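Understanding the architecture of this molecule
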Amino acid sequence: MNKVKSVLLAAALATFNPAQAAAPVAKIQAMLAKPPIMCGRFDQTKQLAGMKKPLASNGRFCVVAGKGVLWRTLQPFPSTLRLTRDEIVNYQGDRVAMRLDAKTEPTVRMINNVLFSLLSGDLGQLETLFEVDGTVDATSWNVALKARQAALEKAIGTIKLDGGAYVKNIVMSEAGGDKTSIVFSAIQTGESAMTKEEAALF
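Residues numbered from 1 in each chain as written. Predicted model: local features only at pLDDT ≥ 70, side-chain atom pairs only at ≥ 80, totals over all residues. Heavy atoms only, no water.

1. Brief notes about the state of the cysteines
The bond known as a disulfide is covalent and runs between the sulfur atoms of two cysteines. Applicable threshold: We call a pair of cysteine sulfur atoms a disulfide whenever their separation is within 2.5 Å. A helix here means a DSSP run of H or I that spans at least four residues, while a strand means a run of E at least two residues long, and both kinds are numbered starting from the N terminus. Here the term buried applies to any residue with accessible area under 20% of the maximum for its type, exposed to any over 50%, and partly exposed to those in between, with areas from a 1.4 Å probe on protein chains only.
Inspection of the entire model under this criterion finds one disulfide. At a sulfur-sulfur separation of 2.1 Å, the disulfide partner of cysteine 39 is cysteine 62. Because the torsion about its S-S bond is 110°, the bridge between cysteine 39 and cysteine 62 counts as right-handed. Within this pair, whereas cysteine 39 is found in strand β1 (residues 37–47), its partner cysteine 62 is found in strand β2 (residues 55–64), the two being separated by 23 residues in sequence. Residue cysteine 39 is classed as buried on the basis of its relative accessible area, which comes to 0%.

Have a look at this one:
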C-alpha cells in the first residue's frame with residue numbers, strides 16, 4: 001500500500017497546479033503548462049531504510065484532465081495503475097490485480113483528494129493539507145510541501161519538487177527513513193501523446 005500511495009502522490013504532483021496560492025506558488029502557477037493531456041517517461045529510485053541498494057523502476061505516465069492518471073511501470077516488470085476519482089485499479093497485463101474503492105478506503109480517499117485538488121487547482125484543499133515553501137527564478141522553481149495532518153505526513157512524509165513549465169523532479173522523504181526520487185522526462189502533450197492502448201484504459 002505504501003508503494004501505491006507514493007506512486008499516487010507522485011503522479012498527482014506531476015501535474016502540480018497551485019493556482020492562486022501565496023508567492024512563490026502564484027509565480028510557479030504562471031510558469032506551468034496546463035495541457036489537457038500530458039504523457040512522458042518517469043524514472044523512479046526508492047531507497048529503503050536499512051538497505052544499501054536502491055530499488056529502481058521506470059515507465060510511462062499520462063495525466064488526462066477530468067479523467068485521471070495512468071502510471072505504467074515497464075521495468076523491472078510491467079504493471080499499470082489507473083487512478084480516477086472513485087477508484088484505483090492495478091492491472092497485471094489484462095488482469096485486474098487490485099481494486100481500491102475511494103468510498104470505503106480512507107487512505108485512498110485522502111490521497112485522491114490530494115490528487116484531484118492538485119489537478120483542479122483547488123487551493124482551499126491544498127493549503128489545508130500542506131504548508132508550502134519555495135523559490136522561483138526566471139526559468140525554474142522549487143517547492144517543499146509539508147503535510148499539516150499527522151496521518152498524511154505519516155503516509156507520505158515531506159515532499160520536494162522542482163521544474164519549469166513541467167515538474168522535473170520529485171523527492172519524497174517518509175518518516176520511517178525511506179526516500180523516493182522520481183525524474184520526469186520526454187514530456188508530450190495533446191491527443192497524440194497517448195497511445196491507443198493507454199487511451200483505452202480510461
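More follows now that the structure is in view.
2. Some details on the packing of aromatic side chains
Defined as follows: Only rings of Phe, Tyr and Trp enter the pairing, Trp through its six-membered ring, and a pair is recorded when the two centres are within 6.5 Å. The plane angle decides the type: under 30 degrees is stacked, over 60 is edge-to-face, the rest tilted.
Taken as a whole and judged by the stated rule, the model has four aromatic pairs. Plain terms: the ring middles of phenylalanine 61 and tryptophan 71 are 6.1 Å apart, the flat faces sit at 35° to each other, and that makes the pair tilted. You can see phenylalanine 61 sitting in strand β2 and its partner tryptophan 71 sitting in strand β3 (residues 68–75), a full 10 residues away along the chain. There is no split in this pair, since phenylalanine 61 and tryptophan 71 are both buried. Members of the aromatic cluster, joined through ring pairs, are Phe42, Phe61, Trp71 and Phe184.

3. Quick word on the side chain of lysine 46
Our working rule: Whenever a nitrogen or oxygen atom comes within 3.5 Å of another N or O atom, the pair is scored as a polar contact, on the condition that within protein one atom can donate a hydrogen and the other can accept it, and that pairs from neighbouring residues in sequence are kept only if both atoms are in side chains.
The topology assignment puts lysine 46 in strand β1. Look at lysine 46 and you get buried, because its relative accessible area is 14%. A polar atom in the side chain of lysine 46 sits 3.0 Å from the side chain of glutamate 174.

4. Here we look at the side chain of arginine 72
The test is simple: Whether two residues are in contact is decided by their heavy atoms: any pair within 4.5 Å suffices.
Within the secondary structure, arginine 72 is located in strand β3. A polar atom in the side chain of arginine 72 sits 2.7 Å from the side chain of glutamate 198. What arginine 72 contacts, discounting residues up to four positions off in sequence, is Phe42, Asn58, Gly59, Arg60, Ser79, Thr80, Thr195, Glu197 and Glu198.

5. Remarks on the pattern of salt bridges
We apply this condition: Criterion for a salt bridge: a side-chain nitrogen of Lys or Arg within 4 Å of a carboxyl oxygen of Asp or Glu.
Summed over all chains, the structure comprises eight salt bridges. Between aspartate 43 and arginine 41 there is a salt bridge whose closest N-O contact spans 2.7 Å. Residue arginine 41 is classed as partly exposed on the basis of its relative accessible area, which comes to 36%. Close ionic contact of arginine 82 with glutamate 87 constitutes a salt bridge, the shortest N to O distance being 2.7 Å. Summarising the burial analysis for this pair, arginine 82 and glutamate 87 share the class buried.

6. Some remarks on the nonpolar core
Applicable threshold: Residue types Ala, Val, Leu, Ile, Met, Phe, Trp, Tyr and Cys, when buried and joined through side-chain atoms within 4.5 Å, form a set referred to as a nonpolar core.
Of all hydrophobic cores here, the largest spans 28 residues; its most connected members are Phe130, Ile159, Leu161 and Phe184. In terms of residue count, strand β8 (residues 141–147) provides more of this core than any other element does, four residues in total. Counting residues in hydrophobic clusters, the runner-up holds seven residues, among them Cys39, Leu70, Ala193 and Met194.

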